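The residues making up each chain are set out below.
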Amino acid sequence: MIRAARAFWLSCPGHGETRDVELPDPAEDEVLVRTLYSGVSRGTETLVFRGGVPRSQYTAMRAPFQEGDFPGPVKYGYLNVGMVEEGPVDLVGRTVFCLYPHQTRYVVPAAAVTPVPEHVPAARAVLAGTVETAVNALWDAAPLIGDRIAVVGGGMVGCSVAALLARFPGVRVQLVDADPGRAEVAEALGVDFAEPADALGDCDLVVHASATDQGLARSLELLAAEGTVIELSWYGDRRVALPLGEAFHSRRLTIRSSQVGTVSPARAGRTYADRLALALDLLADPALDVLVTGECAFEELPDVLPRLASGQIPALCHRVRYTDEA
């Protein structure tokens, strides 16, 4: 039986469209999933939408179920929550998370989906990929009780990191962003907020997620001697200017990268599945709903993504909803 579905494709940089898709019957070890929600990862996906992936990173940047190639046409995305309609009996009827692009229905190996805990709403579960990135960053950062920490950059990833740090005992956490509107988000997450000029210094650890030269430079300024910046920003094809003169060496500062494509070596023995399951469980916290700041129907994506990429729609996570008829 031929099954119909629709998918969002980047036809060329700056232009998207929906396309008809024919799905095969699922094999014995596969599932047919009907999408309930997907999420737009505003940093990475809008960079892809603008055609900003460097040629040298075409392979590294491939999403698990990507079709096509950069800069386009390409079907890209990885924040998908749906319901299993067909497959192994223990999965049928379950709400699951999958690293799949924006598509109304899809067939994947059963091992590629992770059940969403019953206490986590499907609409919030689109944040799983971002919270997973935050989990990996904190495994890399290894914060200690009593640490003084700044998170520079109040986007989707930075806010997720701050939300998890708010649970650490005895830790001073401040979210730093140039947009004063992020103060309300910080308050909802239970952390302090400051604009860059007013941020508290003498930090043991700074997590940088603003994807700007200025943000990274300010992160270094906020460190105490022998402090560490965990760099979460991905700059695509942009060059970064950084002041490594001045007191960088005398203060023995450290910049370390963190990237979700590899499970942190600090957690040897943990798998990708372990990390994602942990992220989904952490989404039981309703405070994280504040990270979803926009929503549209699947059919609206070709019009919405250009506005997200240009900043016309200011969003953290933009959620896409699907109807049963979609």
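Residues numbered from 1 in each chain as written. Predicted model: local features only at pLDDT ≥ 70, side-chain atom pairs only at ≥ 80, totals over all residues. Heavy atoms only, no water.

Q: Before we move on, can you summarise the pattern of salt bridges with the specific residues and values?
A: For the coordinates displayed, the defined rule picks out 18 salt bridges. With a shortest N-O distance of 2.9 Å, Asp204 and Arg148 are connected by a salt bridge. Of this pair, Asp204 sits in strand E13 (residues 203-208) while Arg148 sits in strand E10 (residues 148-152); the two residues are 56 residues apart in sequence, bridging distant segments of the chain. The partly exposed category is assigned to Asp204, whose relative accessible area is 28%. Measuring nitrogen to oxygen at the nearest pair gives 3.0 Å for the salt bridge that ties Arg218 to Glu221. Residue Arg218 and its partner Glu221 are located together in helix H5 (residues 213-222), separated by 3 residues, close to a single helical turn. (Salt bridge = Lys/Arg side-chain N within 4 Å of Asp/Glu carboxyl O. Helix = DSSP H or I, 4+ residues; strand = E, 2+ residues; numbered from the N terminus. Buried < 20%, exposed > 50% of the residue type's maximum accessible area, 1.4 Å probe, protein only.)

Q: How would you sum up unusual backbone geometry? Please name residues and give values.
A: Trans is the common state for peptide bonds, and a negative phi is the common state for residues other than glycine. In the segment running from Phe70 into Pro71, the intervening peptide bond is cis, with an omega of 5 degrees. Along the polypeptide, Pro71 turns up in the loop between strand E4 (67-68) and strand E5 (74-75). Backbone torsion omega between Gly72 and Pro73 reads 0 degrees, so that peptide bond is classified as cis. Within the secondary structure, Pro73 sits in the loop between E4 and E5. With a phi angle near 60 degrees, Asp202 is a residue other than glycine that sits in the positive phi range. With respect to the helices, strands and loops of the structure, Asp202 is situated in the loop between strand E12 (192-194) and E13. On the basis of relative accessibility, which here comes to 44%, the residue Asp202 falls in the partly exposed class. Its identity as a non-glycine residue notwithstanding, Arg252 has a phi of 55 degrees, on the positive side. According to the relative accessible area criterion, Arg252 is exposed, its value standing at 57%.

Q: An account of the sheet that holds E10 is needed here, citing residue identities and associated values.
A: Strand order in the open sheet formed by 6 strands is E12-E11-E10-E13-E14-E15, and the pairing between neighbours is parallel. The open sheet terminates on both sides in strands that have one partner only, identified here as E12 and strand E15 (254-257). Averaged over all pairs of adjacent strands, the angle between their axes in this sheet comes to 25 degrees, without regard to strand direction. As defined by bridge partners, E13 adjoins strand E14 (residues 223-231) across 5 bridges and the pair is classed as parallel. Along E14, the bridge assignment pairs Val207 with Ile230. With respect to the sheet, helix H4 (residues 182-189) is in contact with strand E11 (172-176) and E12, its orientation differing from that of E12 by roughly 165 degrees. (Pairing = 2+ DSSP bridges. Axes fitted to C-alpha atoms, helices over the stretch in contact; angles between N-to-C directions. Contact = heavy atoms within 4.5 Å.)

Q: Tell me about the pairing of E14, and name the residues and values.
A: Along E14, 7 of the 9 residues are buried, which leaves the element largely enclosed by surrounding structure. Crossover E13 to E14 through H5 is right-handed. Here E14 runs beside E15; their pairing, made up of 4 bridges, is parallel. Counted as the bridge partner of Glu231 is Ser257 from E15. (Right-handed = clockwise from strand over helix to strand, strands pointing away.)

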